[in-house]
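# Secondary and tertiary structure notes
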Amino acid sequence: MKREFIDPWSANLPENHKDIIKKFGLEKFDVRDFPKPNLLMRRGFVFSGRDLKIISDCIKNRKKFYALTGIMPTSDKIHFGTKSVIDQMIYFQNHGAETYVLVADLEAAATRGVDLKEARTRALEIHIPCYIALGLDAKKTRFYFQSENNDVRNLAFELSNKATLNEYKAIYGNAEPSRIMASILQVADILHPQLNKSMPGIVPIGIDQDPHIRLSRDITNRAKKFGFILPSSINVKFLPSLSGGLKMSKSEGNSLYLLDSDEEIKKKVAKALTGGRKTSKEQREKGANPDKDMLFELFRQHLIKNDDRLTKREEDYKKGKILDSENKEYATKLLIEFMHDFRRKYEKARRKTKRLFRD
Ligand code: TRP
């Protein structure tokens, strides 16, 4: 059988979730294990993970655990879908986790040639304030830069002793020095909260990052002297672009970003891929398909929180009671409302971030 790989640095995101769960030995996410599940958990957008029971046990029995994630500061724009990962961080923060969010500036330097100074400015001006504006509690979250965390870097060097090139090839398919450095650093990111106290940890991520989780777990098993607990992970589905694509490349064009202006929103929604028919007449007669509609994807993942309201809208769309023009108008309105509120929070969060990082 041909081996298959997920490449975390590729612009092509893996799509077939059922297939991935089987191929890579993931666990299916079971919403019944998590008290007061959030919207993405409830609606099936959180779909898999590793060692999830350990974390649900921590939540139920009020035991210490941590949640950690990281994002590369490669661009000034933050994909709207990043909200899905931060939503999971917020969930765990609200359920007792120590929370860590790191700026993967060294990874961005090694794998994308991003200048460290530029990465820092970008993270302080845009990334960190956006994560706070999405709802992370700034006081309770430990933000750090890979380039400034000695514990993490030292741990990465020590752990490199437990990784082999063969294993690397088995997980990632190939081996480039920059990628080896970045992935071992990520393993150290993921495990370093356990240096101070032994506790389980969970890493909310898109499935593209699962290879790093596998590497982390392999290395944990081998680096016995540290006595680390195997890290858990939880995977959220990606938010497709409004044209329906899952490529994260710039040429793809119609992705939504946090802080998009009203004009940008209007333009993007106008071009969105819908589940509608060729003509209004046909749509009224035969109905349309919300499952192929990118605006419904947005409603489901982020914009319509009330389940009844969402179901009603889906039913109406299926019956042809709602036309694409009306649906686009509604999506535009919801998105603009979201973004105005978000901008206000972002401005506040920028001031908070300045205080947090005052030297
Ligand atoms: N590799 C992640 C990305 O591409 C960033 C990252 C670095 C990360 N360290 C991490 C994610 C630890 C989760 C946990 O954006």
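Residues numbered from 1 in each chain as written. Predicted model: local features only at pLDDT ≥ 70, side-chain atom pairs only at ≥ 80, totals over all residues. Heavy atoms only, no water.

Let us now look at a positive patch on the surface. Taken together, the side chains of K139, K348, R351, K352, R355 and R358 define a basic patch exposed on the protein surface. With respect to the helices and strands, the residue K348 is situated in helix α15 (residues 324–356). Classification of K348 by relative accessible area gives exposed; the value is 54%. (Patch = residues over 30% accessible without salt bridge, like charges linked within 9 Å, V, L, I, M, F, W, Y side chains within 5 Å. Areas by Shrake-Rupley, 256 points an atom, 1.4 Å probe, with all protein chains shown as cover. Salt bridge = Lys/Arg side-chain N within 4 Å of Asp/Glu carboxyl O. Lys, Arg positive; Asp, Glu negative; His and termini not counted. Charge placed at Lys NZ, Arg CZ, Asp CG, Glu CD. Helix = DSSP H or I, 4+ residues; strand = E, 2+ residues; numbered from the N terminus. Buried < 20%, exposed > 50% of the residue type's maximum accessible area, 1.4 Å probe, protein only.)

If you check the domain split of the protein, you get domain 1 (17–238) and domain 2 (262–349). If you average the C-alpha positions of domain 1 and of domain 2, the two centres end up 31 Å apart. Taken together, the 19 residues of domain 1 in the interface contact 19 residues of domain 2. Considering only the side of domain 1, the residues that lose the most area to domain 2 are R43, F80 and A133, jointly responsible for 38% of the buried surface there. Linking domain 1 to domain 2 there are two salt bridges. Residues R42 and D307 are paired through a salt bridge, measuring 2.9 Å at the closest nitrogen-oxygen approach. (Domains from an automatic or database assignment. Contact = heavy atoms within 4.5 Å. Buried area = accessible area lost by both parts, 1.4 Å probe.)

The residue D51 is not glycine, and still its phi comes out positive at about 45 degrees. With respect to the helices and strands, D51 occurs in the loop between β2 (46–50) and α3 (52–60). For L259, which is not a glycine, the phi torsion comes out positive at approximately 80 degrees. Residue placement: L259 occurs in the loop between β9 (257–258) and α11 (262–270).

Next up on the list: the pairing of strand β6 (residues 141–145). Among the five residues in β6, four count as buried, and that is most of the element. Two strands pair when backbone bridges link them, and strand β5 (residues 98–103) and β6 are joined in this way by five bridges, in the parallel orientation. Directly across from Y100, in β6, lies its bridge partner R142. (Pairing = 2+ DSSP bridges.)

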